[in-house]
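Take a look at the letters that make up each chain.
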Amino acid sequence: MSWFVRDEGSKIYDFLYYATEPAVYPVRWLLGKFGLSGDSMMIDISFLVTVILLSLVQIFLPAVSF
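Let me sum up the structure you'll find in this document.

Basis of the calculations
- Residues numbered from 1 in each chain as written.
- Predicted model: local features only at pLDDT ≥ 70, side-chain atom pairs only at ≥ 80, totals over all residues.
- Heavy atoms only, no water.
- Salt bridge = Lys/Arg side-chain N within 4 Å of Asp/Glu carboxyl O.
- Phe/Tyr/Trp six-rings, centres within 6.5 Å; stacked < 30°, edge-to-face > 60°.
- Helix = DSSP H or I, 4+ residues; strand = E, 2+ residues; numbered from the N terminus.
- Buried < 20%, exposed > 50% of the residue type's maximum accessible area, 1.4 Å probe, protein only.

Quick notes on the pattern of salt bridges
Within this structure, the stated rule accounts for 1 salt bridge. The salt bridge partner of Glu 21 is Arg 28, with a shortest N-O separation of 2.8 Å.

A word on the packing of aromatic side chains
Inspection of every chain in the model, using the stated rule, returns 2 aromatic pairs. Ring geometry for Tyr 13 against Tyr 17: centres 6.2 Å apart, planes inclined by 10°, an arrangement best described as stacked. Pair noted here: Tyr 13 and Tyr 17 are both in helix α1 (residues 11-33), with a separation of 4 residues, about one helical turn. Taking relative accessible area as the criterion, Tyr 13 reaches 9% and is therefore assigned buried. Within the aromatic cluster, the residues linked to one another by ring pairs are Tyr 13, Tyr 17 and Tyr 18.

Bear in mind that shape data such as this cannot, by itself, settle questions of function.
Listed below in structure tokens is the structure:
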């Protein structure tokens, strides 16, 4: 949601924020440690990194045998 104009009164905004923030926040925090947060960059790339990481987990998880 950091890529769009914030409308905090919107129910769609609230839903998307609360549904994605638990997965995006740790990545945003880690990127902030390296100076790559949305504050220092033009756009916040934490959501994109999160999607890529979740895609990699989805690909490699079936390969792991328990």
